[in-house]
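# Notes for the structure review
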Amino acid sequence: MEFLSERARQKLKSALLILSFFVLWEVACLVFKVSEIVLPRPTVILGALWQFFPGIRPHLIQTLYTTLVGFALGVGIGVVIGAVIGVSRVAYDTAYPLLVGFSSIPKVAVVPIFVLWFGAGTTPAILTSMVICIFPIVVNVATGLATTEPELEDVLKALGAKKLDILWNVSLPRAMPYFFASLKVAITLAFVGTVLSETVASNRGIGNLMMIASSNFNVPLVFAGLFLLAGLGVALYVIFSLIERRVAGWAMRKQDFAMG
Amino acid sequence: MMAAKPDTFVPALPPSAPERARPLISLEGAGITYGRGANAVEALTPTDLDIDKGDFVALVGPSGCGKSTILKLVANLIRASRGHVFVGGREVGAERVGIGMAFQNPTMLPWLRIRDNIMLPLKIVEPFRSEFRAKRKTEFRDRAEALLEVVGLKGFGDKYPWQLSGGMLQRANLCRALIHDPALLLLDEPFGALDQFTREELWAILQQLWMDRKPTVILVTHDLREAAYLATRVCVMSARPGRIVADDAVPFARPRTLDMTFEPEFVALTQRLRGLIVDARTGKV
Ligand SMILES: Nc1ncnc2c1ncn2[C@@H]1O[C@H](COP(=O)(O)OP(=O)(O)O)[C@@H](O)[C@H]1O
Ligand SMILES: [Mg+2]
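Notes on the structure follow. (Residues numbered from 1 in each chain as written. Chains lettered and ligands numbered in written order. Predicted model: local features only at pLDDT ≥ 70, side-chain atom pairs only at ≥ 80, totals over all residues. Heavy atoms only, no water.)

Opposite the 20 residues of chain A that make contact, chain B presents 22 residues. Between chain A and chain B, roughly 2,100 Å² of surface is buried when both sides are summed, and carbon and sulfur atoms account for 70% of that area. Of all residues in chain A, Ala158, Leu159 and Asn169 of chain A give up the largest surface area on contact with chain B, accounting jointly for 28% of the area buried on that side. Inspection of the chain A/chain B interface yields one salt bridge. Between Asp165 of chain A and Arg129 of chain B there is a salt bridge whose closest N-O contact spans 2.8 Å. The interface formed by chain A and chain B holds two residue pairs in polar contact (both at pLDDT 80 or more) in total. Listed by contribution, the elements that provide at least two residues to the side of chain A that touches chain B are helix H6 (150-158), helix H7 (163-201) and helix H10 (254-259) of chain A. Counting residues per element, the side of chain A that touches chain B draws most heavily on H6 of chain A, which supplies seven residues. Its residues placed into classes, the side of chain A that touches chain B shows 11 nonpolar, two polar and seven charged. (Contact = heavy atoms within 4.5 Å. Buried area = accessible area lost by both parts, 1.4 Å probe. Salt bridge = Lys/Arg side-chain N within 4 Å of Asp/Glu carboxyl O. Polar contact = N/O pair within 3.5 Å; in protein donor to acceptor, adjacent residues only side chain to side chain. Helix = DSSP H or I, 4+ residues; strand = E, 2+ residues; numbered from the N terminus. Nonpolar A, V, L, I, M, F, W, Y, C, P; charged D, E, K, R; others polar.)

For the rest of this paragraph, the subject is the nonpolar core. The biggest cluster of nonpolar side chains holds 54 residues, and the ones touching the most others in it are Phe56, Leu187, Phe191, Leu206, Leu230 and Val234 of chain B. Core analysis: the next-biggest nonpolar cluster, separate from the first, contains 50 residues, Val75, Phe179, Ile187 and Ala224 of chain A among them. (Core = buried A, V, L, I, M, F, W, Y, C linked by side-chain atoms within 4.5 Å. Buried < 20%, exposed > 50% of the residue type's maximum accessible area, 1.4 Å probe, protein only.)

The next point concerns the sheet that holds strand E4 (residues 82-87) of chain B. Residue and element names in this part refer to chain B. With respect to topology, four strands assemble into an open sheet ordered E2-E1-E4-E5, the strand pairing being antiparallel. Every other strand in the sheet has two partners, leaving strand E2 (41-51) and strand E5 (90-91) as the edge strands with one partner each. Across two bridges, the pairing between E4 and E5 is antiparallel. Bridge pairing in E5 links Val87 to Arg90. Where helix H1 (residues 67-74) meets the sheet, its contacts fall on strand E1 (25-34), E2 and E4, and the angle it forms with E1 comes to roughly 120 degrees. (Pairing = 2+ DSSP bridges. Axes fitted to C-alpha atoms, helices over the stretch in contact; angles between N-to-C directions.)

Residues and elements named next belong to chain B. If you trace the backbone, Glu189 turns up in the loop between strand E7 (184-188) and helix H7 (196-213). Here Glu189 sits buried without a salt bridge, and the closest side chain of opposite charge, Lys67, lies 4.6 Å off (N-O distance). Engagement of the side chain of Glu189 in a polar contact is seen with the side chain of His222, the distance being 3.4 Å. For Glu189, the contacting residues outside a window of four places in its chain are Lys67, Gln104, Val220, Thr221 and His222. (Lys, Arg positive; Asp, Glu negative; His and termini not counted.)

Right, let's get into a nonpolar patch on the surface. Residues and elements named next belong to chain A. On the surface, Leu12, Leu16, Leu19, Val23, Val27, Leu30, Val31, Phe32, Val34, Ile37, Val38 and Phe217 cluster together into a nonpolar patch covering about 1,200 Å² of accessible area. With respect to the helices, strands and loops of the structure, Val34 is situated in the loop between helix H1 (6-31) and helix H2 (42-87). For Val34, a relative accessible area of 31% puts it in the partly exposed group. (Patch = residues over 30% accessible without salt bridge, like charges linked within 9 Å, V, L, I, M, F, W, Y side chains within 5 Å. Areas by Shrake-Rupley, 256 points an atom, 1.4 Å probe, with all protein chains shown as cover.)

Enumeration over the complete set of coordinates arrives at 17 aromatic pairs over all chains. Consider the rings of Phe114 of chain A and Trp117 of chain A, whose centres lie 6.2 Å apart with planes at 65 degrees: the pair is edge-to-face. Residue Phe114 of chain A and its partner Trp117 of chain A are located together in helix H4 (residues 111-118), separated by three residues, close to a single helical turn. In this structure, Lys214 of chain B is placed above the aromatic ring of Trp210 of chain B, and the distance from its NZ or CZ to the ring centre is 3.7 Å. (Phe/Tyr/Trp six-rings, centres within 6.5 Å; stacked < 30°, edge-to-face > 60°. Lys NZ or Arg CZ within 6 Å of the ring centre and 35° of its normal.)

On to the site of ligand 1. All names here are of chain B. Inspection of the region around ligand 1 gives Tyr34, Ala43, Ser63, Gly64, Cys65, Gly66, Lys67, Ser68, Thr69 and Arg240 as its neighbouring residues. At a separation of 2.6 Å, an oxygen atom of ligand 1 approaches a polar side-chain atom of Ser68. Of the residues forming the shell around ligand 1, the biggest block, three residues, is contributed by H1. Here the residues of the shell around ligand 1 sort into three nonpolar, five polar and two charged. (Near = heavy atom within 4 Å.)

Attention shifts here to the pairing of strand E10 (residues 244-249) of chain B. Pairing of strand E9 (residues 233-237) of chain B with E10 of chain B involves five bridges; the strand directions are antiparallel. Paired with Cys235 of chain B across the strands is Asp247 of chain B, a residue of E10 of chain B.

Glancing now at a positive patch on the surface. On the surface, Lys123, Arg133, Arg136, Lys137 and Arg141 of chain B cluster together into a patch of positive charge. The residue Arg141 of chain B is located in helix H5 (residues 139-150) in this model. (Charge placed at Lys NZ, Arg CZ, Asp CG, Glu CD.)

The subject of this paragraph is the packing of helix H4 (residues 128-135) of chain B against H5 of chain B. Residue and element names in this part refer to chain B. Where H4 contacts H5, the axes come no closer than 8 Å and their chain directions differ by 100 degrees. In terms of orientation, H4 and H5 fall into the roughly perpendicular class. Residue-level contacts link Phe128, Glu131, Phe132 and Lys135 of H4 to Glu139, Phe140, Arg141 and Arg143 of H5. Taken together, the residues that form the contact of H4 with H5 break down as three nonpolar, no polar and five charged. (Parallel < 35°, antiparallel > 145°, perpendicular 65-115°, else oblique.)

Residues and elements named next belong to chain B. Here the residue pair Glu126 and Pro127 is connected by a cis peptide bond, since its omega of 5 degrees sits within 30 degrees of zero. With an omega of -10 degrees, the peptide bond between Arg254 and Pro255 qualifies as cis. Tracing the backbone through its elements, the reader meets Pro255 in the loop between E10 and helix H9 (264-281). Residues other than glycine seldom take positive phi values, yet Asn76 does so here, at roughly 60 degrees.

Residue and element names in this part refer to chain B. With 18 residues, H9 should reach 26 Å at 1.5 Å per residue; the first-to-last C-alpha distance of 25 Å fits that figure. Phe266, Leu269, Thr270, Leu273, Leu276, Ile277 and Ala280 are the residues of H9 that are buried. Down the axis of H9, the buried side of the element spans an arc of 115 degrees, and every buried residue falls inside it. Its buried side turned inward, H9 meets strand E3 (56-60), helix H8 (224-230), E9 and E10. (Expected span 1.5 Å × (residues − 1). Arc of directions from axis to C-beta.)

These results come straight from atomic positions and should not be treated as a statement about function.
Shown next, in the form of structure tokens:
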């Protein structure tokens, strides 16, 4: 492996480790003769995924759509609340306790309320994924905006800078790394919210598919659903990481940034 | 840089002010008390201080005596609890005077190249602000490069702050404070964190910049050699609550050299200042 760079070698190593996890799973199931009703082997799961894919696809699209809409709404609302809280002391003192209280509520508990208001289906799923991803975004945006060095603020105010100048030139760029960190958390949470709601009150989506599959004892299909969710989560996480590298790369490891 | 039009000048000074060339900066009984009630801290006793245009004043004194507070008053970052602060003949804040500020912490923005960091004031201060989009790749860029060359950072404009040493960042910090050609330069212990050699190099650069551009400078420092090398006037402050206990002119010819700082008159001056500060700390003054 001498011809590979240090980084490439590291990536190869972690890829091999991940692969060996699945191999171990496969082998363990075979050696201990684990029933497919309990824990199907990865190959069986992939087989089920392949076999049922035409049926799964609309559910997959439904879940992806619901999650992305909920996520987008959550980010929009989260950024606005975070920005207000980050720049205004009064807003901070008022909204923070409310938000902490709200985010402590288990989201399973709000799904029935949404169903009551909007009926079963897509709307409660969107709303659940939205509310679940608001909090981390608010906290991170507010923190990012509030951390300007006092000396820099003095330098700018002495120049006659308005609040908006400081926000635009200093606070917003500085908040970007925090914002992206929260996006990566929020997108995975958004999936949790969607699937939760789909499981409880919907006739479409991966959550619903898994419910039905488990009541039919089609355990490989249940796991196929899990694999898909994990795959989607990872894919979106990677997408946001790539955007993050472009927009807020300065906050990452400096050597990488210098080369990129 | 100053937008003042002499013919429409409205004197805001009280009639008792002496008739002479109006100082650029004038503190009249200006005092500051931070906090209120039981937490009130008197940082600056009512103080009078006049600074002429083009002067280079060093403020020295024990730590916590209100040196930074005076800078903040002049920059209109805080309001005087008592008395008045006049800049350009009018109450501070009434008129936009170009101000450049630099602290010990260079606070370069990590996501901008050094060149863009030092061009930041041009994005904010008029008349540069309205021309920024049009000129940032041409005239303003050249302006930044020229200034970088003066402080010995030629060719570093493309670098990011983390690629520069502390001394280089402080040079860039000086550039950022001067890029908009301010009438008033406020420096709060700018070289405090640097090693002796870098510091002395920067003294020479700052002296040169001041001689070329003649801004009015207030330099807060705890290094008495630095004060005597750079300033035309050294003001010594007492321990908190601060007041000015001595105000010495520094007569040495310009440009001053490092060798001069070892000559007897220079050493005598710094010794005298040291004595004053020691007395101020122990409360003898
Ligand atoms: N924002 C503030 N609130 C309360 N006290 C302050 C504040 N800023 C400065 N002080 C106090 O005022 C005194 C003078 O501060 P400063 O002007 O920063 O001193 P220095 O001469 O060291 O620059 C210090 O004792 C400091 O503790
Ligand atoms: Mg200070």
